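Listed here are the chains, written in short residue letters.
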Amino acid sequence: MIDNAEDLATKAQDNKAGLKRQYVNIPIGDEEYGFRISGIGAKSVKLEKFVKYDDIMEAIESGNDNGLEAMIKQIIEDYEEEEDEE
């Protein structure tokens, strides 16, 4: 069993090609979402998931107001560009 970050990073880098084809299922709200491992770096693992705008709206309309789609919708709605300070 791996018990430190250095050995974990080494094993991930040694198996980079195979790991990049793996998926991770993560429960968010009442649903479980599949994220693809899209990157293996020296310091971190990158997860990726494409969420279509239609899927966001369909989830909200069907009452899923605490899932990933609702979170993404809220981030988009609340975003305001910061003004540059000179």
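So, here is what we can say about the structure in this document.

Conventions adopted
- Residues numbered from 1 in each chain as written.
- Predicted model: local features only at pLDDT ≥ 70, side-chain atom pairs only at ≥ 80, totals over all residues.
- Heavy atoms only, no water.
- Pairing = 2+ DSSP bridges.
- Helix = DSSP H or I, 4+ residues; strand = E, 2+ residues; numbered from the N terminus.
- Buried < 20%, exposed > 50% of the residue type's maximum accessible area, 1.4 Å probe, protein only.
- Contact = heavy atoms within 4.5 Å.
- Polar contact = N/O pair within 3.5 Å; in protein donor to acceptor, adjacent residues only side chain to side chain.

## Things to note about the pairing of strand β3 (residues 45-48)
And step 1. Summarising the sheet, strand β2 (residues 31-40) and β3 pair through 4 bridges and their orientation is antiparallel. Across the sheet, the residue bridging to isoleucine 40 is valine 45, located in β3.
And step 2. Taking the residues between adjacent antiparallel strands as the criterion, β2 and β3 are bridged by 4 residues.

## Some words on the side chain of serine 38
And step 1. On the secondary structure map, serine 38 appears in strand β2.
And step 2. The class of serine 38 is buried, set by a relative accessible area of 14%.

## Quick word on helix α4 (residues 68-78)
And step 1. What α4 keeps buried is the set Leu68, Glu69 and Ala70.
And step 2. Those residues of α4 that are buried are in contact with β1 (23-28), β2 and α3 (53-61).

## A few points about the environment of glutamate 77
And step 1. Among the secondary structure elements, glutamate 77 is positioned in helix α4.
And step 2. Of the residues examined, glutamate 77 reaches a relative accessible area of 48% and is grouped as partly exposed.
And step 3. Sequence separation of glutamate 77 and asparagine 15 is 62 residues, and the distance between their C-alpha atoms is 39 Å.
And step 4. In terms of polar contacts, glutamate 77 uses its side chain to reach the side chain of lysine 73, at 2.5 Å.

## Quick word on the environment of aspartate 30
And step 1. Inspection of the secondary structure puts aspartate 30 in the loop between β1 and β2.
And step 2. Put simply, aspartate 30 and asparagine 66 are 36 residues apart on the chain and 7.3 Å apart in space, counted from C-alpha to C-alpha.

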